[in-house]
Amino acid sequence: GSLQDWTALVEQMKQRDIKVIIDLSTEMNAVPQEVVSTWASRGVAGFNLAAPAIINSIVNGNQDGKDTVIALREELDSLGDEPMILTAFTDLDLTQMAHLYGDEVNEVHVGPLFHLVSGASLAASLPDLTSTQVFDYVNNIQNKLPASSWPAIQVSSGSSRVADMTEDMVDAVNMLANMLKATPIVHAGDELGLSTMDWTTVRTEQTEAKQSGGNSHLAVFSQMAELRHTETILFGDVRNDDIDGCSIITRVKKGNPGYVLIMNMNSEEATIDISKIQGMGETIRTRSQSVSAAVPPPAQDSETGEQTSSPPVTAFSSAAVRMAAREAKLFTFVPNFE
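Note that the structure is predicted; figures quoted are calculated from it, not measured.

## So, the sheet that holds strand 7 (residues 237-243)
Across a sheet, paired strands are connected by hydrogen bonds in the backbone, their directions being either parallel or antiparallel.
Right, so step 1: Pairing within the open sheet is antiparallel, and its six strands lie in the order 7-8-9-14-11-12. A single partner strand is all that each edge strand has here, and the edge strands are strand 7 and strand 12 (315-317). The sheet shows a mean angle of 30 degrees between the axes of neighbouring strands, direction not considered.
Right, so step 2: Pairing geometry for strand 11 (residues 283-289) and strand 12, over three bridges, is antiparallel. Bridge pairing in strand 12 links Ile 284 to Phe 316.

This is how it looks when you write it as structure tokens:
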């Protein structure tokens, strides 16, 4: 398209509070000042450093790579009142990712090198999608990355989609990405549970289902995205548990509702006790559930055979949470900090 097309696109994105980040390729010890300043003047909010040689240099502990990124950051910081974003979207594991933050991460989660770093996708990091893998992955985020760091988590990658790996757990993986203290990176179609299906048809069907109040991958994803704006998810503590093959992620913050995501990774139904998790309330209430969740058929009047309108049960004891096979559910509760 033309420069006019680009300008119109950026303006529409800004109206929707969407930041435009483009790939930037450069050589070691070189800062492309003219390229950076030109695209900054055209409205981009930042750059993703697409330079494997520089990334690998930093991971291997070489100073040249660090110096190149520091010089690039200084150039970006000089371009305006609002700092431009510098990201590194990679396929590194968490241990390798740690090098890309730099020597010290400040209280607003920014290190001296990149503002935002991502590594291998969830689809690639959890090939068997077991509760043990999820538990280890979440623990590694908390323990292998620098203190105060804020990672980005790619749900899928171009060659590894969640739906290709395990279609019945698409919602579980999307829910997990949105529950962590990180920024989810979503590729087009992840919110619909797509692999190679007809994108337009599926989106139309799921949009209609969402608007009519029905459950769909899009509805689940939208509910989780809304949750990202709450104080609990933005600033709350993360608690990570593995109970009887179920992955449990709990988020709590004083003065706010608590949220707990339970993912039954088993091929059979499970009833688990989560009441002993620190801060857990006695009663939990369903907020969202995966599309694969088993929904009981409507009750029928014994005389007329007509369906009755009795509401489904949504409140449960945290001491006995019943989960269908391969089901994911998000519950809310009143935290107990005593």
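## Considering the nonpolar core
The nonpolar side chains of a soluble globular protein tend to be buried with one another.
Right, so step 1: Ranked by size, the top nonpolar core spans 65 residues in total, and within it Phe 47, Leu 100, Phe 114, Leu 176 and Met 179 carry the most contacts.
Right, so step 2: The biggest single contributor to this core is helix 9 (residues 170-179), with seven residues.
Right, so step 3: Beyond its immediate stretch of four places on either side in the chain, Phe 114 contacts Leu 49, Ile 55, Ile 58, Val 69, Arg 73, Leu 86, Thr 87, Ala 88 and Leu 100.
Right, so step 4: Ile 284, Val 321, Met 323 and Phe 333 belong to the second largest nonpolar core, which has 15 residues in total.

## A look at the sheet that holds strand 4 (residues 116-118)
Right, so step 1: If you trace the six strands from one edge of the open sheet to the other, you get 1-2-3-4-5-6, paired in parallel fashion. A single partner strand is all that each edge strand has here, and the edge strands are strand 1 (21-24) and strand 6 (183-185). For this sheet the average axis-to-axis angle between neighbouring strands, irrespective of direction, equals 30 degrees.
Right, so step 2: Across three bridges, strand 2 (residues 46-49) lies against strand 3 (residues 85-89) in parallel orientation. Within strand 3, the residue paired with Phe 47 across the bridge is Leu 86.
Right, so step 3: Sitting on the sheet, helix 4 (residues 63-77) touches strand 1, strand 2 and strand 3, and the angle it makes with strand 3 is about 145 degrees.

## Describing the packing of aromatic side chains
Right, so step 1: Summed over the entire model, instances satisfying the criterion amount to two aromatic pairs.
Right, so step 2: An angle of 80 degrees between the planes, with centres 5.2 Å apart, marks the rings of Trp 6 and Trp 39 as edge-to-face. With Trp 6 in helix 1 (residues 3-15) and Trp 39 in helix 2 (residues 33-41), this residue pair connects regions lying 33 residues apart in the sequence.
Right, so step 3: Classification of Trp 6 as buried rests on a relative accessible area of 18%.
Right, so step 4: Consider the rings of Phe 316 and Phe 331, whose centres lie 6.1 Å apart with planes at 85 degrees: the pair is edge-to-face. Taken together, the positions of Phe 316 in strand 12 and Phe 331 in strand 14 (residues 328-333) put the pair 15 residues apart, joining distant regions of the chain.
Right, so step 5: You can call Phe 316 partly exposed: its relative accessible area is 25%.
Right, so step 6: The exposure class assigned to Phe 331 is buried, which follows from its relative accessible area of 1%.
Right, so step 7: Above the face of the Trp 39 ring, Arg 42 is positioned so that its terminal group lies 5.0 Å from the ring centre.

## What about the environment of Arg 239?
Right, so step 1: With respect to the element layout, Arg 239 can be found in strand 7.
Right, so step 2: For Arg 239, the residues in contact, after removing those within four places along its chain, are Ile 248, Ile 249, Thr 250, Val 252, Gln 278 and Gly 279.
Right, so step 3: In terms of polar contacts, Arg 239 uses its side chain to reach the backbone carbonyl oxygen of Gln 278, at 2.6 Å.

## Some points on the pattern of salt bridges
Side chains carrying opposite charge are able to pair once their charged atoms draw close together.
Right, so step 1: Scanning the model with the defined rule gives seven salt bridges in all.
Right, so step 2: Across the pair Arg 239 and Asp 237 runs a salt bridge whose closest N-O atoms are separated by 3.9 Å.
Right, so step 3: Assessed through its relative accessible area of 15%, Arg 239 is described here as buried.
Right, so step 4: Its relative accessible area of 43% is what places Asp 237 among the partly exposed residues.

## Observations concerning the packing of helix 3 (residues 52-59) against helix 4
Right, so step 1: At a minimum axis separation of 7 Å, helix 3 and helix 4 run at an interaxial angle of 120 degrees. With respect to each other, helix 3 and helix 4 are oriented oblique. You can see that helix 3 and helix 4 cross each other, and the crossing is left-handed. Packed against helix 3, whose contacting residues are Ile 54, Ser 57 and Ile 58, the element helix 4 presents Asp 64, Gly 65, Lys 66, Thr 68 and Val 69 at the interface.
Right, so step 2: Of the residues in the contact of helix 3 with helix 4, the class split is three nonpolar, three polar and two charged.

## Structural notes on the confidence of the model for the chain
Regions with low pLDDT carry predicted coordinates that are not meant to be interpreted in detail.
Right, so step 1: Across the chain, pLDDT averages 87, with 87% of residues at or above 70.
Right, so step 2: Scored below 50 in pLDDT, residues 294-299 makes eight contacts in the model with residues more than four places away or belonging to other chains.

## Comments concerning the side chain of Ser 118
Right, so step 1: Assignment of secondary structure puts Ser 118 in strand 4.
Right, so step 2: When residues no more than four places from it in sequence are discounted, the contact partners of Ser 118 are Ala 88, Phe 89, Thr 90, Met 97, Ala 152 and Gln 154.

Parameters and conventions
The residue numbering used here restarts from 1 in each chain and proceeds along that chain's sequence as written. The model is predicted, so local features are restricted to residues of pLDDT at least 70 and side-chain atom pairs to those at 80 or more, both for listing and for counting; the totals for chains, interfaces and linings are taken over all residues. As a rule here, side-chain values cover all heavy atoms of the structure and leave hydrogens and water aside. Strands are treated as partners if at least two bridges between them are detected by DSSP. Secondary structure elements are defined from DSSP: runs of H or I of at least 4 residues count as helices, runs of E of at least 2 residues count as strands, and each element is numbered from the N terminus. Angles here are taken between N-to-C directions and fall from 0 to 180 degrees, while the axes themselves are lines fitted to C-alpha atoms, restricted in helices to the stretch in contact. We call a set of buried Ala, Val, Leu, Ile, Met, Phe, Trp, Tyr and Cys residues a nonpolar core when their side-chain atoms join them within 4.5 Å. The rule is simple: take the accessible area with a 1.4 Å probe, protein chains only, and divide by the maximum for that residue type; under 20% is buried, over 50% is exposed, in between is partly exposed. Between two residues, a contact is recorded if the distance between any of their heavy atoms is within 4.5 Å. Only the six-membered ring of Trp is used, alongside the rings of Phe and Tyr, when aromatic pairs are assigned; centres must lie within 6.5 Å, and planes under 30 degrees apart are stacked while those over 60 apart are edge-to-face, with the rest tilted. A positively charged side chain is recorded as over a ring if its NZ (Lys) or CZ (Arg) lies within 6 Å of the ring centre. The angle to the ring normal must also be within 35 degrees. Pairs of N or O atoms are called polar contacts if they sit within 3.5 Å, as long as, within protein, a hydrogen donor faces a hydrogen acceptor (for residues adjacent in sequence, only side-chain-to-side-chain pairs). Whenever a carboxyl oxygen of Asp or Glu lies within 4 Å of a side-chain nitrogen of Lys or Arg, that contact is scored as a salt bridge. Relative orientations are named as follows: roughly parallel for angles under 35 degrees, roughly antiparallel for angles over 145 degrees, roughly perpendicular for angles from 65 to 115 degrees, and oblique for any other angle. Crossing chirality is assigned from the near helix's rotation relative to the far helix, an anticlockwise turn below a right angle marking it left-handed and a clockwise turn marking it right-handed. Amino acids are sorted into nonpolar (Ala, Val, Leu, Ile, Met, Phe, Trp, Tyr, Cys and Pro), charged (Asp, Glu, Lys and Arg) and polar (every other residue, Gly among them). Each residue gets a pLDDT score, which is the predictor's confidence in that residue and runs from 0 to 100.

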